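# Tertiary structure, described
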Amino acid sequence: QVHVVESGGGLVQAGGSLRLSCAASGSISRIYTMAWYRQAPGKQRDLVASITAGGSTNYKDSVKGRFTISRDNAKNTVYLQMNSLKPEDTAVYYCNADLTTGWGTVGNYWGQGTQVTVSS
C-alpha cells in the first residue's frame with residue numbers, strides 16, 4: 001500500500017550531471033526523513049544523503065559539494081542533484097523514506113533502485 005519509486009538514473013560521462021527523483025505514494029500519514037543510498041557491485045549499501053521533513057540535510061563526505069538533496073513535501077518527493085560525477089559514483093541508487101503509514105505503522109520503505117553509471 002506504500003510505494004517508493006526512483007527515477008532519473010542513466011549513463012553519463014565523468015564531470016556530467018544527473019538528477020534523481022523519488023516519489024512515495026500510497027497510504028502515508030507522515031514522512032519524516034527521506035534519504036538516498038547507493039550500492040556498487042560487491043560493496044556495501046552506503047548512505048549518500050538524507051533530508052528531514054524540515055529540510056535539514058546530511059551528506060556522505062565524498063559527495064559533499066557535488067550532490068544536493070532536496071524535497072517537495074507536498075508531493076512526497078525527494079531529489080538528488082548530482083554534479084561533477086565521477087566513475088566511483090557508479091552504483092544503484094536507492095531511495096528510502098522513514099514514515100508513518102496511514103494505518104499507524106512506523107518504518108522505512110525502500111525503492112527499487114535506479115542505475116547510475118559514470119564513464120571515464
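Scroll up to find the structure this text is about.
Just so it is clear, the model here is predicted, and its values are computed rather than measured. (Residues numbered from 1 in each chain as written. Predicted model: local features only at pLDDT ≥ 70, side-chain atom pairs only at ≥ 80, totals over all residues. Heavy atoms only, no water.)

Okay, the overall build of the protein next. Check the secondary structure of the protein and you find 0 helices and 11 strands. In terms of overall size, the protein behaves like a compact globule, its C-alpha atoms giving a radius of gyration of 14 Å where 120 residues would be expected to give roughly 14 Å. With the C-alpha coordinates of the protein rotated into their principal frame, the extents come out at 45 × 25 × 20 Å. Within the protein, the fraction of its 120 residues that count as buried is 41%. Considering only contacts within the protein whose residues lie at least 6 apart along the sequence, 55% involve residues at least 24 apart. Carbon together with sulfur atoms contributes 45% to the accessible area of the protein, which is approximately 6,100 Å² in total. When the 11 basic and 7 acidic side-chain charges of the protein are each reduced to a single mean position, those positions are 2 Å apart. (Helix = DSSP H or I, 4+ residues; strand = E, 2+ residues; numbered from the N terminus. Rg over C-alpha atoms; globule rule 2.2 N^0.38 Å. Buried < 20%, exposed > 50% of the residue type's maximum accessible area, 1.4 Å probe, protein only. Contact = heavy atoms within 4.5 Å. Areas by Shrake-Rupley, 256 points an atom, 1.4 Å probe, with all protein chains shown as cover. Lys, Arg positive; Asp, Glu negative; His and termini not counted. Charge placed at Lys NZ, Arg CZ, Asp CG, Glu CD.)

Further remarks concern the nonpolar core. Membership of the largest hydrophobic core comes to 29 residues, with the highest contact counts inside it found for M34, W36, L80, M82 and Y93. Mapped by element, the contributors of at least two residues to this core are β1 (2–7), β3 (18–26), β4 (28–39), β5 (45–52), β7 (67–72), β8 (77–82), β9 (91–101) and β11 (114–119). For this core, the leading source of residues is β9, giving 5 residues. (Core = buried A, V, L, I, M, F, W, Y, C linked by side-chain atoms within 4.5 Å.)

Any functional reading would require information that these geometric values do not contain.
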